[in-house]
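Working through the structure, step by step
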Amino acid sequence: MGLLSVVLLLVLNSVQSCWAQDDPLLPFSENLDPQNKVRLKWGFDEVQDTIIFQITVNTSGWVGFGFSPNGGMTGADVVIGGVEQDGHYFTDRHALGNSMPVVDQQVDYKLLSLTESDGQTVMKFQRSIKSCDEYDLPITTDPIKLIYAYGQTDDITYHGSRRGTKEVNLLRYMPKVTPADSKYFDMTMVNVTVPAVQTYYHCKIMRTPALDQKHHIYRIEPLIQNEDLVHHLLLYRCPPGVTEIYESQCYSEMSDEKCMEVVATWGIGGGAFELPEVAGLPIGVNDGDVLYRLEVHYNNLNKTAGRVDHSGLRLYYTSALRQHDAAALMTGLAVAPGYAIPPRAKAFLTYGLCDTAHFTQVLSQTPQDLQVFSVMLHTHLAGRKVRVGHFRDGKQIDLLAVDEHYNFEYQEAINLGKTKTVKMGDKLLVQCTYNTENRTELTWGGLSTSSEMCLAFLYYYPAMNMSNCLSIPDSNALKAEMGATDNFDLFKMMLSKTWNDTSIYEYQQMLKRINQTLIVSNTNVIWNLRAVGSCEVKRVGARPSLRRIPLKCTTDLFLKHLRTRKIVVLEGDMGPSSVVLLLVLNSVQSCWAQDDPLLPFSENLDPQNKVRLKWGFDEVQDTIIFQLTVNTSGWVGFGFSPNGGMTGADIVIGGVKQGGHYFTDQHALGNSMPVIDKQQDYKLLSLTESDGQTLMKFQRSTKSCDEYDLPITTLPIKLIYAYGRTDDISYHSTQRGTKEVNLLRYMPRLTPPDSKYFDMIMVNVTVPTNQTYYHCKIMRTPAFNQKHHIYRIEPLIQNLELVHHLLLYRCPPGVTEIYESQCYTGVNNDECMEVVAVWGVGGGAFEFPTVAGLPIGGNVADVLYRLEVHYNNPNKTQGSVLKSEISPSCLSKIILFRFRYTGRVDNSGLRFYYTSELRQHDAAILGTGLVLAPGYAIPPKAKDFLTYGLCDTAFIPQVLSQTPQDLQVFSVMLHTHLAGRKVRVGHFRGGKQIDLLAVDENYNFEYQGVTNLGKTKTVKLGDKLLVECTYNTASRTKLTWGGLSTTDEMCLAFLFYYPAMSLTGCMSFPNLTALSTEMGKPDLNNWLFMMSTKTWNDTSINQYQQTLKRIDQFVIVSDSHEVVL
C-alpha cells in the first residue's frame, strides 16, 4: 500500500437488501391536498416509456385523478374508478368542460389493482409517458398540473369541494427530506379585516425567532385560512436600515415599503415548497436583528365586507447546514404603470430583460454563476403564457422555465428537477402572453388584479446580495416611436387610439424594437413605492384611471433618477451600501442575434468535422428541428439507432439532384437498404446544395406514434449518419459514423479565451496479433506554475478498427518512474488506479459542465499519469493467440502468455484542453460496479443473465482523511464486454429506489462513450448504487469469467462528479465462500470444477442467478493513494 492509502473490505448484505420497501416501483410520493386525504405515489421508466400511479383517497366512494392543461376541467385527461358491491369499475376519460368527463374510445390506462378497505380506496394503474391518444396529455419533463376529485358514494356526481389541483414535476421530482432536528416557525397575519374592495394588499413587518447560530430553511408551507380570499403571499427580507415593527395596507400613504428582497413566494393553487438537498435559505446569527415583511394579496371578487384572515407561511428549518445558501431573484418587467397592454388582443407579448453582465456593478463581492433550481412565474388575470428564455452570446440556449397554460388561479414555485446554470453575462428574457379580447380599455402594469405583471422569481444558489434584475421599455424611446411630444401627449395617444389587429401588431413590434431600461439592485436598497417626487399614485382597490395621474407620473414615476448608462444612487431612501443600476440597453431583439434562434445547439458528428448537426426543441409543443450540414454533393442520411448500428434504426435520407430534391422517412431492418415508412413523420423544411456542401433542415415530434420511429427522450440517444459522393444511394463504406448525444438535456460547449491543450499519447507502439492486448505508458504532463482546470477531453485515435478504449489514471506520490510496457504483467504499472479520463469505441470528445473541471497543476504538479490503451484485434491476423489461465489457488490472478509481434503500429491517446480560469468545483471520477476479477462466472446459453456490483457510500468516510461531501454526478460511462446487452445504475436511499442514475437498454460493445446526464444528480452519503449488467451468452458453450480479455466480462460504471474527493473506487464482489457453500461445494477447487462441468439450462441458470442475488457481497472502497500489489 502507498502513503496514506486505505482499502476498506466489508461483507454487506445481499443486493436484495436494496429493494427493502413495500413497492420499489413507486419511489415518489406527494400529498395532493392540504388535509393529507389524497396521496399519490408514482414511479416511471423513461426507457420503457411507462409510468405507474397509485392514488390513495380517504373515501369509500368514487375516485378521480388526471392531468389538466391549466388546472381546471376543460381539456383534462382523467381516470375514474372505485369499488362497488359487484366489483370494481375503472374508465379512461377526457373533459370537454365543467361537466361529466366523456369516456375515451381508446383506453390507454391499464388498471393494476383497485381495493377499498376501512374507508380508504387505493387505485393503482399504468399508462405510457407519451400517449398517441389525442385526448391524453403527454407527461414531459416540465411540471404538469395534477387534478383530483372524489365522492362519498359510488354515484359519480358533482364533487363539490372535494377536489383540487397540484403542479408536480413527475419526471424530475425532488424527494422531500426531513432532518432529524427539524423545527418550524410561523409568520402570519393576525385578525386582519379585509376591506370590501376587489384588490387589497396587507403588509406586516415582524421578527423571526432568535437563533443562536446559523440555520437553513428547507421547506416553506402555506397556512391559508380563506382559500377563496388569499391570492398570493410574499415574504421579503428588510435591509439593515429598517428597524420598526408595524403593519398596514401595502403601497399606500400609510405604509413605507422598504423591504424588497424576496425570500419566499406562494400563489393560489400551490402547495408546500421544498428546497433541494444542497441548498437552504439562511436564517439566524448574521440576520438576528433583520426584519421581514409579509405581504398578502387579497382578491375579494364579491367585495364582501368584514372578512377576517390569519393566513401566512410556516418555515421549517434545521441546524444541519447544507452546502449552499439559497436566495431568490426577481426578474421580468418592472411593476410600474409605464407600459400598457391594448384591449381586444388575442396574444399580446411583453418582455422583461435581465442582463447579468451588470451584476458586478452593484455587488461588493465577486458574483458567481447562478445555479437555478426553481422558478415561480407570475402574471394577473390576462396572462396566458409565461416563458423565461436563456441567452448566451446572442444565442438562445434554453428555456429556463415555461408555462404554456398559465392560469391565474393555480400558481406556485416549481422545482425544475435539475439545476440550470446562468453564467455571468447571460441574459434572461421573461416573455408573457396576454389575452384581452374581452376588454375595451388599456390594461396597465400595476398591483391591482385587473392590472398586469410579468415576473419570474428565480430560486438559486449560491446566494448573493442581489434583489432584482428587471427592465421596462424606455419612455423616451417609446415617445419618439409613437410621435408623442411629451408624457401627457403619449398617454392621450394611447387612450384614444383605435385598437385593432393592425395597430396591436404595430405596437407589439415597436415594444420589441425599442430600448429597455435595466434595473439591477442589491439587497440593501430601501425602496419607496408610494411616491417619487411630487407624484402620488393610489395603487390599491380598483384599477386606477391613468387620466387622473399627474403629468410627471409616467415611467419616470418609477425611474425618477434615470441617467443613461450610469450608476445612480437614489438619495434619501437608500440604505447603507445600497446600489441601484439603471441602464438603457438594446432592445429585446438583440437577444436573438444569430442566424437561426430555433437551432441553439450544435455538435460535430465526425472527427474530421465534415458532418455537423444543429438542433433546437420545444418540449411544450413536443417538436424538434434538425439541420444537418455535410461536406458532400451526394445523398445524406441521418437517424437514431437503439445501439449505434443499422438494425432497428429510424432514418431520413435526402439530397439534391438535377430535377429537384428528395427526402424520405425510412427504417432499417438490418445491414441493408432501409425501407420507406408508410407513415412519413418527418417534415422537410429546406434542402439545399452549394459549393460541395448539402444542408438538410427538417422537423419531427419528439414522440411518435409510428412503430418504426424511435422516441426522443431525456436520455442520451445514439445518432447515426452516412453519406455518399453522388445521389446514387448505395453502400456508404467508411462515410458513416455514430455519436451518442443527449438532445433534450444538452450541455453546450464553452471555450475559455486562454484555452490551451496538451496530448498524452502512445508513440510507435507495436501491437501484437492477439485479440486482446493492453499497453500502458507512465508519463508526465506539462509543467504548470499554478492550478488549472481541464474542461474538455478529446480522443486522438490513429487506428479506429484497433483501439477499443483508453483510460488515463493518476498515480499515487510513491510512483516516480517513467516507463511503458504491457499492462497487468509482472511489471507494476498497475500501481496507478485513480481514473482521470475514459474513452470508449464509438465515443467522441467529452465536455465538462461549466461549474466543474479536472484539476491539474498546483498541488498535483509532480504527479505521474498512466495511459492505458486496450487494443482489440479480433482477426488476429498473424502470430499465436493470447490465452488466459485461472489458477484455482489464486483467484485474483490472470496469467497472460505466448504472444508474437507483427507490424501494426499505433500512436493513439488523448488531448486535454485546459484553462487558468478556475471553475467552481474540482471534478473527479469514481469507479463503481463489479470488481474486475475472474471469481465470478456467467453461464453459457443464457438469454438474460444479470450481475450486480454494489457501492455503499456510507463507508466512504472510513477511507478518507477529509470530511466527505455528497457527490454531484453529472456524467457516466457504462462498460461491459461482448456479451453485455444492458447496463443500469440504480440509486437507492433509505431502502427505496429513488432514481436510475444512468441506463443503457441497448448496450453495444462497439459504441461506447461518456454520456452527460444533462442534469446533476445528487448521491448523498449513505445512498447505495447498484450497477446491474445484463448479458446474453446464448451462443456460447463455456463459462464466461470476469477478466480483461474481450471475451471475458466486466460490469462497470465510471461516475463523473464534483466536488472531487481522494477516492478511486467503490465496488463489490460476490462472497465466494458463501457462493460455493450455497451451491453445495464449500471447497473452491471443487466449486470451480462443478461450475465447469455443470449442465446449464434455463432451470440451473435461474437457480444460479437467484443465488448470486441472495448471497452477501464484499464491498471494496479505496482512496486515491492506494497502490495495488
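Structure first, text after, so check above.
These lines cover the structure that appears in this document, whether it is placed above or below. All values derive from a computational prediction rather than experimental measurement.

1. Notes on the nonpolar core
For soluble globular proteins, the rule of thumb is that nonpolar side chains tend to be buried together. In this structure, Phe359 and Tyr507 are the most contacted members of the largest nonpolar core, which totals 113 residues. Setting aside residues no more than four positions away along its own chain, Phe359 makes contact with Leu329, Cys354, Pro367, Leu370, Met424, Met464, Met466, Cys469 and Val520. In this structure, Met1050, Phe1069, Met1090 and Met1091 belong to the second largest nonpolar core, which totals 111 residues.

2. Considerations on the state of the cysteines
For the structure on display, the rule yields eight disulfides. Covalent S-S linkage joins Cys203 and Cys250, the inter-sulfur distance amounting to 1.9 Å. In this structure the cystine formed by Cys203 and Cys250 twists about its S-S bond by roughly 115°; its chirality is therefore right-handed. Note that Cys203 is positioned in strand β15 (residues 199-206) and Cys250 in the loop between β18 (247-249) and β19 (261-267), a separation of 47 residues in sequence. Take Cys203 and Cys250: they sit in the same class, and that class is buried.

3. With respect to the packing of aromatic side chains
Tallying each qualifying case throughout the model produces 44 aromatic pairs. Ring geometry for Phe846 against Phe848: centres 4.9 Å apart, planes inclined by 70°, an arrangement best described as edge-to-face. Neither Phe846 nor Phe848 differs from the other in exposure class; each is buried. One aromatic cluster is present, built from ring pairs that chain together Phe53, Phe65, Phe67, Phe90, Tyr109 and Phe125. The positively charged end of Lys497 is found above the aromatic ring belonging to Trp499, 5.8 Å away from the centroid. It is Arg792 that lies over the ring of Tyr913; its NZ or CZ is 5.7 Å from the centre.

4. Details of unusual backbone geometry
With an omega of -10°, the peptide bond between Tyr461 and Pro462 qualifies as cis. Positionally, Pro462 belongs in the loop between β35 (454-461) and β36 (466-473). Here the bond from Tyr1058 into Pro1059 is cis, since omega is -10°, no more than 30 degrees from zero. Tracing the backbone shows Pro1059 in the loop between β77 (1052-1058) and β78 (1063-1070). For Asn36, which is not glycine, the phi torsion reads 60° and is therefore positive. If you trace the backbone, Asn36 turns up in the loop between β2 (28-31) and β3 (38-45). Classification of Asn36 by relative accessible area gives partly exposed; the value is 45%. Even without a glycine there, the phi angle at Lys303 is positive, about 55°. One can find Lys303 in the loop between β22 (292-299) and β23 (307-309).

5. Some details on helix α2 (residues 487-496)
Regarding α2, the residues found buried are Asn487, Asp489, Leu490, Phe491 and Met494. Looking at the buried positions of α2, the neighbouring elements they touch are β27 (340-341), β34 (443-444), α1 (475-482) and α3 (501-513).

6. Observations regarding the sheet that holds strand β55 (residues 772-779)
An order of β58-β55-β62-β57-β59 is seen for the five strands of this open sheet, with the pairing classed as antiparallel. Looking at the sheet topology across the chains shown, the edges are occupied by β58 (820-822) and β59 (834-840). The mean inter-strand angle of the sheet, taken between neighbouring strand axes irrespective of direction, is 15°. Here strand β57 (residues 803-810) pairs with strand β62 (residues 865-872) via seven bridges, running antiparallel. Note on β62: the bridge partner recorded for Leu808 is Leu867.

7. Some points on the pairing of strand β46 (residues 650-657)
Of all eight residues that make up β46, six are buried, and the element is covered over most of its length. In this structure, strand β45 (residues 636-641) lies alongside β46, joined through five bridges in antiparallel fashion. Pairing of Val636 across the sheet is with Gly654, part of β46. Bridge analysis of β46 against strand β47 (residues 660-667) gives eight bridges, and the strand direction is antiparallel. Residue pairing in the sheet places Ile651 in a bridge with Gln666 of β47. The turn linking β46 back onto β47 is made up of two residues.

8. Brief notes about the sheet that holds strand β72 (residues 980-989)
Pairing is antiparallel in the open sheet, where four strands are placed in the order β70-β75-β72-β73. A strand with exactly one partner marks an edge of an open sheet, and here the two such strands are β70 (945-952) and β73 (992-1000). Across the sheet, the mean angle separating the axes of adjacent strands is 20° when strand polarity is ignored. In this sheet, strand β75 (residues 1024-1031) lies alongside β70 in antiparallel orientation, the contact comprising eight bridges.

9. A closer look at a nonpolar patch on the surface
Taken together, Leu96, Val102 and Tyr135 make up a surface patch of nonpolar side chains, about 270 Å² in accessible area. Here Leu96 shows up in the loop between β7 (87-94) and β8 (102-103). Overall, the relative accessible area of 60% leaves Leu96 in the exposed class.

10. Examining the pairing of β19
Counting buried positions along β19 yields seven of seven residues, so the element is predominantly enclosed. Strand direction decides the pairing type here: strand β17 (residues 230-237) and β19, joined by six bridges, are antiparallel. The residue bridging His232 from the neighbouring strand is Gly267, located in β19.

11. Quick notes on the side chain of His380
Note on placement: His380 falls in the loop between β29 (370-378) and β30 (383-392). What His380 contacts, discounting residues up to four positions off in sequence, is Tyr201, His297, Tyr406, Phe408, Gly446, Leu447, Ser448, Thr449, Ser451, Glu452 and Met453.

12. Re the packing of α1 against α3
Axis angle and axis distance: for two packed helices, these are the angle between their axes and the distance between the axes, and together they describe the pair. It is the contact of α1 with α3, at a shortest axis distance of 10 Å, that shows an interaxial angle of 140°. Taken together, α1 and α3 sit at an angle that is classed as oblique. Regarding α1 and α3, the two cross each other, and that crossing is right-handed. Seen from α1, the contacting residues are Leu478, Glu481 and Met482; seen from α3, they are Tyr507, Met510, Leu511 and Arg513. Counted by class, the contact of α1 with α3 contains five nonpolar, no polar and two charged residues.

13. What about the packing of α1 against α2?
Here α1 crosses α2 at 60°, and the two axes come no closer than 10 Å. With respect to each other, α1 and α2 are oriented oblique. By crossing handedness, the relation of α1 to α2 is classed as left-handed. On α2, the residues that touch Leu478, Lys479 and Met482 of α1 are Asn487, Leu490, Met493 and Met494.

The rules behind these values
Residues numbered from 1 in each chain as written. Predicted model: local features only at pLDDT ≥ 70, side-chain atom pairs only at ≥ 80, totals over all residues. Heavy atoms only, no water. Core = buried A, V, L, I, M, F, W, Y, C linked by side-chain atoms within 4.5 Å. Buried < 20%, exposed > 50% of the residue type's maximum accessible area, 1.4 Å probe, protein only. Contact = heavy atoms within 4.5 Å. Disulfide = S-S within 2.5 Å. Helix = DSSP H or I, 4+ residues; strand = E, 2+ residues; numbered from the N terminus. Phe/Tyr/Trp six-rings, centres within 6.5 Å; stacked < 30°, edge-to-face > 60°. Lys NZ or Arg CZ within 6 Å of the ring centre and 35° of its normal. Pairing = 2+ DSSP bridges. Axes fitted to C-alpha atoms, helices over the stretch in contact; angles between N-to-C directions. Patch = residues over 30% accessible without salt bridge, like charges linked within 9 Å, V, L, I, M, F, W, Y side chains within 5 Å. Areas by Shrake-Rupley, 256 points an atom, 1.4 Å probe, with all protein chains shown as cover. Salt bridge = Lys/Arg side-chain N within 4 Å of Asp/Glu carboxyl O. Parallel < 35°, antiparallel > 145°, perpendicular 65-115°, else oblique. Left-handed = near helix turned anticlockwise from the far one by under 90°. Nonpolar A, V, L, I, M, F, W, Y, C, P; charged D, E, K, R; others polar.

By themselves, these are just geometric observations and shouldn't be taken as functional.
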